[in-house]
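Residues per chain, in single letters:
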Amino acid sequence: MQSYDLIIIGSGAGGGTLAHRLAATGKRILLLERGGFLPRERDNWSSRAVFLEAKYRSPEFWYDSENRPFHPGIQYYVGGNTKFYGAALLRFRPQDFGELRHAGGISPAWPLSYADFEPYYTQAERLYHVHGRHGSDPTEGPAGSDYAYPPVTHEPRIQELSDDLTRLGHHPFPLPLGILLDEDGHGRPTPFSPCIRCNAFDGFPCLVNAKADADILCVRPALEHPNLTLLTGAYVSRLKTNPSGAAVTEVEVERTDGQGKKFTESFAAGIVVVSAGAVNSAALLLRSANERHPRGLANASGQVGRNYMRHNNQAFMAISRRPNPTVFQKTLALSDFYFRSPDWEFPLGFIQMLGKSDGEMLRGEAPDWAVFKPEMALDAMAAHSIDFWLTSEDLPDPENRVTLRSDGSIQLCLRDSNSEGLRRLTAELKKLLHDIGLEDHLMPRSLYLGKRIPIGGTAHQAGTVRMGGDPRASVLDVNCKAHELDNLYVVDAACFVSIAAVNPALTIIANALRVGDHLASRI
């Protein structure tokens, strides 16, 4: 059995970033990835392949609380789901780390503060090439320095939208994006810019490797260090402990040889880090139950798998008579309703632009939308759309949880929480669009199309292996080490205590850098 100083399970925003942080230590590191490198091919930019055929999704099925199968939005590749994310890299607000009262209950306080994360946010923004402008978002916390890269330029229709919102007294700002883009003075990519500002960014893998993902920016540079080994096609089936149950001694891996035959091998390490995503990280700990940990590894508290969060999200389209020729649309955000609205004292959430829709996306992601306007082709709807993504905070609920069925498959139980904020946020957006005069350009019937994200929408998964100071109510300590095991860490969004109302990726990355510093001193 091969032995390493450190084994990292998963190569996404958490694991890939952590590998990059620790590669220069010279310690022997094994990075295990369930998938392989995502193939570079024309279908990377095909809406039909990505959205309608779900070509890059894992073929596995999970089950809901009624044992009904569903196809989760999960991809297994080097870089994890960052290969497909929209790369909106936003900081949690300082208040998000404290107790925050919502209409539907309490968003609990973290054992850490914004000040603990701030220097790592700055480092994460630089590492992931975040383009933005600090000080333009009225709800953001203090930043140690400005972004290293300027905001991505709005195209004319989005600049017009920004100007209209500003005229009405609102505070739209450039959406912070992780992107390898160099623009000239007219907002066009320079000849040496990796990004070409195409319409296949949000939700697509990037054919020209211009998305700031964990594969391109962390894993591949880390592999330049000879002490780091990447093993792909490596599904971690369980973790084994010593007889006392105080430390992980073996990582059991299932692989397939060149003839398609499956085999199992084991690896040992002084420290083991799980970073497989909130659902799969919890499932691995549950699969690893043994005599000393009968309810699952590190699960004396009974909290492993519980408090699953994924945001209350809604995709929203305003269909207007005037075409929207924007190509790269995902450049604008609005946080004016993050904590309250003029007529409501509770948080509503966050508004940002989506990538520009096309007909294939609508067929793949929301075929039911066609019934609203059956005489209108989906391609025409998309050409006349302005597309938004609304995010409201859902609250941790111990009954929203990951469990394993008797056959070992994943069961995800989920019930809505705190949904009034999203309803009100949607109403505020409709009012804004009315106030800026969008109705002058609407189709013969005003048409707003909104789609709540179903249980299979797992892009923002968090919270199943939460951190905290009390071992009776949490699984991990503030360094993301399991309370019950000396050498087991979980470094992905599973450790989150709450999920705020902005995309979680930057906080995952910042936390991986933070824990990386702790592990560097330990090893």
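Note that residues are indexed from 1 along each chain, following the sequence as it is written. The predicted nature of this model means local features are confined to residues of pLDDT at least 70 and side-chain atom pairs, given and counted, to a pLDDT of 80 or more, with totals for whole chains, interfaces and linings taken over all residues. Here the side-chain values reflect all heavy atoms present in the structure, with hydrogen atoms and water set aside.

**Quick word on the pattern of salt bridges**
For side chains of opposite charge, pairing can occur when their charged atoms come near one another. Throughout this description, the term salt bridge denotes a Lys or Arg side-chain nitrogen within 4 Å of a carboxyl oxygen of Asp or Glu. Tallied over the full model, the rule gives 30 salt bridges. Notably, a salt bridge pairs K240 with E252, separated by 3.1 Å at the nearest N-O pair. With K240 in strand β11 (residues 235–241) and E252 in strand β12 (residues 248–256), the pair connects residues that are 12 residues apart, well separated along the chain. For each residue, the accessible area found with a 1.4 Å probe, counting protein chains only, is set against the maximum for its type, and the residue is called buried under 20%, exposed over 50%, and partly exposed in between. Given a relative accessible area of 31%, K240 falls into the partly exposed group. With a closest N to O distance of 3.0 Å, D470 and R472 form a salt bridge. You can call D470 partly exposed: its relative accessible area is 28%. According to the relative accessible area criterion, R472 is exposed, its value standing at 69%. Overlapping salt bridges, with partners in common, bring together K83, D213, D215 and R220 in one network. To qualify as a helix, a DSSP run of H or I must reach at least 4 residues; to qualify as a strand, a run of E must reach at least 2; elements of each kind are numbered from the N terminus.

**Observations regarding the nonpolar core**
Think of a nonpolar core as a cluster: buried Ala, Val, Leu, Ile, Met, Phe, Trp, Tyr and Cys residues, connected wherever their side-chain atoms sit within 4.5 Å. With 119 residues, the main nonpolar core has I9, L32, Y128, L239 and L488 as its most contacted residues. Per-element tally for this core: the top contributor is helix α10 (residues 505–522), with 9 residues. It only takes one pair of heavy atoms within 4.5 Å for two residues to be counted as in contact. Non-local contacts of L239, meaning those with residues more than four positions away in its chain, are made with I9, V248, E250, V251, V272, V274, L284, L285, S288, L297 and L488. Within the second largest apolar cluster, 22 residues are counted, among which are I158, L161, L432 and I436.

**Details of the packing of aromatic side chains**
For any pair of aromatic rings, geometry is given as the distance between the ring centres together with the angle between the planes. Only centres within 6.5 Å qualify two rings of Phe, Tyr or Trp (six-membered ring in Trp) as a pair; their planes then separate them into stacked at under 30 degrees, edge-to-face at over 60, and tilted for everything else. Going through the model one piece at a time under the given rule, you end up with 21 aromatic pairs. With 5.3 Å between their ring centres and 55° between their planes, W110 and F496 make a pair best called tilted. Of this pair, W110 sits in the loop between β6 (105–107) and α3 (114–127) while F496 sits in the loop between β21 (488–490) and α10, placing them 386 residues apart in sequence. F496 shares its class with W110; the two are buried. By way of ring pairs, the aromatic residues F92, F97, W110, Y114, F117, Y121 and F496 are connected into one cluster. When the ring centre of Y76 is taken as reference, the NZ or CZ atom of R34 above it lies at 4.1 Å. We call a charge positioned over a ring when the NZ of a Lys or the CZ of an Arg lies within 6 Å of the ring centre and within 35 degrees of the ring normal.

**Structural notes on the pairing of strand β1 (residues 2–9)**
Two strands qualify as a pair provided that DSSP identifies no fewer than 2 bridges between them. As defined by bridge partners, β1 adjoins strand β13 (residues 262–274) across 7 bridges and the pair is classed as parallel. Opposite I7, over in β13, you have V272 as the bridge partner. One ladder, built from 4 bridges, connects β1 with strand β2 (residues 29–32); its direction is parallel. Bridge pairing links I7 to L30 in β2. Traced from β1 through helix α1 (residues 15–22) to β2, the parallel crossover comes out right-handed. For a crossover, the right-handed case is the one in which the path from the first strand over the helix to the second runs clockwise, viewed with the strands pointing away from the viewer.

**Regarding the pairing of β11**
In this structure, β11 lies alongside β12, joined through 6 bridges in antiparallel fashion. Note that in β12 the partner of L239 across the bridge is V251. Between β11 and β12, which pair antiparallel in sequence order, lie 6 residues; one of them, G245, sits at a positive phi of approximately 75°.

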